[in-house]
Amino acid sequence: MLITNQSLEPDSSTQKTPDKEYANRLYALGRFLFVRRSYSFFQNLRQRPNPTFYKQRLNICERSLFEEFNVDMGVEQMRQEGVSFGLRLPAPLIEQIHDYALQTPCTEPGFPEEFFITQVKNGCLPCGHQVLRALVSNVKGCDAIAKIAQDPVLLQIVHNYLHYWPTRITKHLSWSVASDLSDEEKRRRYPPATFHYDIAGFNFMTAYFYITDVDEHSGPHVMLKGSHGKKPLPILLSSNRHPDSTIFKHYSQENEIVITGKRGFGFVQDPSCIHKVIPPVTANRLLLQIRYS
Ligand SMILES: [Fe+2]
């Protein structure tokens, strides 16, 4: 059985759910390393008496798509550098996800209409609106994505890195649309194009898969290796988003990596690291992100 995008917290139907704004305010604490570590510690303590219960709720698939991946080495690399490479999706799954993204309506934050990516020509919809990103709706309807999210090797990486079985899994499939706007305009309209760190709960990690080929000009993910740990106070205590000039006052440019790969290329990352996307110029990028928290 495949699970959907929703929280796996026990008895969620009977719990009083805090409103989203309140939850987001609390999650803001996830920017602090000691909060993320403490959360892992307490979740581990909570799950320790009955880990099977928490594992079974994830409906983990029997066979992995990533049997070649060395979990111990991957997790160690995540701890050291904040990222580990070596995941690869099989061609039929890539095809299935790509088709799903072509046939499913998309939205863009701040734009009221739904649209299909196939309606976007030269970066524009027929109404003239310039699209920079298109978030594919109803991702839970794609079985291929559910299968990846419930992969036994991927979930073992998550468990070993976070020290607990995740209680929430969210999936995001999004197009970054090629455009010839100025860099400044792109950064203004496309927030992930500015260096930032994610704050997505009390502790979390993400698996990324390129569903289209990605080179330097078609939307590579960029990150600073090793930036997922302690952060300099000016970076930690103000916004989570900073221009390159501020970031490189505190981090060496030598640690910057531009992540390119063919369709199906995947990696796991601690998104508390400093990262951004370079908006595509030559081709649209389709990215699958699965976040575990
Ligand atoms: Fe991010």
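Residues numbered from 1 in each chain as written. Predicted model: local features only at pLDDT ≥ 70, side-chain atom pairs only at ≥ 80, totals over all residues. Heavy atoms only, no water.

A. Representation of the coordination of the iron ion within the structure. On the protein side, the iron ion has H196 (NE2), D198 (OD) and H275 (NE2) as donor atoms, found 2.2 Å from it. Mapped onto the sequence, the donors of the iron ion take the spacing H-x1-D-x76-H. With D198 in the loop between α8 (183–189) and β6 (205–210) and H275 in strand β10 (residues 275–277), this residue pair connects regions lying 77 residues apart in the sequence. Each member of the pair, D198 together with H275, is buried. (Donors = N, O, S within 2.8 Å, 3.2 Å for Na, K, Ca; no water. Helix = DSSP H or I, 4+ residues; strand = E, 2+ residues; numbered from the N terminus. Buried < 20%, exposed > 50% of the residue type's maximum accessible area, 1.4 Å probe, protein only.)

B. Region of interest: the pairing of strand β8 (residues 256–259). Of the two faces of β8, only one is covered, namely that formed by I257 and I259; the face formed by E256 and V258 stays uncovered. Taken together, the four bridges between strand β7 (residues 221–224) and β8 define a ladder with antiparallel strand orientation. What sits directly across from V222, in β8, is V258. (Pairing = 2+ DSSP bridges.)

C. Up close: the sheet that holds β7. Read across the sheet, three strands follow the order β8-β7-β10 without closing on themselves; strand pairing throughout is antiparallel. Looking at strand neighbours, the two that pair on one side only are β8 and β10, the edges of this open sheet. If you compare each strand with its neighbour and ignore which way they point, the axes differ by 20° on average. (Axes fitted to C-alpha atoms, helices over the stretch in contact; angles between N-to-C directions.)

D. Representation of helix α5 (residues 91–103) within the structure. When the terminal C-alpha atoms of α5 are compared, their 18 Å separation across 13 residues agrees well with the 18 Å that a helix rising 1.5 Å per residue should span. Burial in α5 covers these residues: L93, I94, I97, H98, Y100 and A101. Looking down the long axis of α5, one finds its buried residues gathered within 160° of arc, a one-sided arrangement. For α5, the exposed residues lying more than 90 degrees away from the buried face are A91, P92 and Q103. (Expected span 1.5 Å × (residues − 1). Arc of directions from axis to C-beta.)

E. Quick look at the packing of aromatic side chains. Under the definition given, this model contains 15 aromatic pairs. Measuring from centroid to centroid gives 5.4 Å for Y39 and F202, while their planes differ by 40°, and the two rings are tilted. Here F202 lies in the loop between α8 and β6 and Y39 lies in helix α2 (residues 33–47), a separation of 163 residues in the sequence. On the basis of relative accessibility, which here comes to 21%, the residue F202 falls in the partly exposed class. (Phe/Tyr/Trp six-rings, centres within 6.5 Å; stacked < 30°, edge-to-face > 60°.)

F. Structural context of the sheet that holds β6. A sheet is described by the order of its strands in space; here eight strands give the open sequence β1-β9-β6-β11-β5-β4-β2-β3, paired in antiparallel fashion. Where the open sheet ends on each side, the last strands, each with one partner, are β1 (83–88) and β3 (111–115). Adjacent strand axes in the sheet meet at a mean angle of 25°, parallel and antiparallel pairs treated alike. Pairing of strand β2 (residues 106–108) with strand β4 (residues 133–136), which is carried by two bridges, proceeds in the antiparallel orientation. Looking across to β4, one finds that C106 is bridged to V136. This element, helix α4 (residues 71–81), spans β1, β6 and β9 (265–269) of the sheet and lies at about 145° to β1. Each of β4, β5 (169–176) and β11 (285–292) touches α5; the most contacted strand, β5, lies at about 70° to it. (Contact = heavy atoms within 4.5 Å.)

Note that every value here comes from positions in space, so none of it alone points to a role or purpose.
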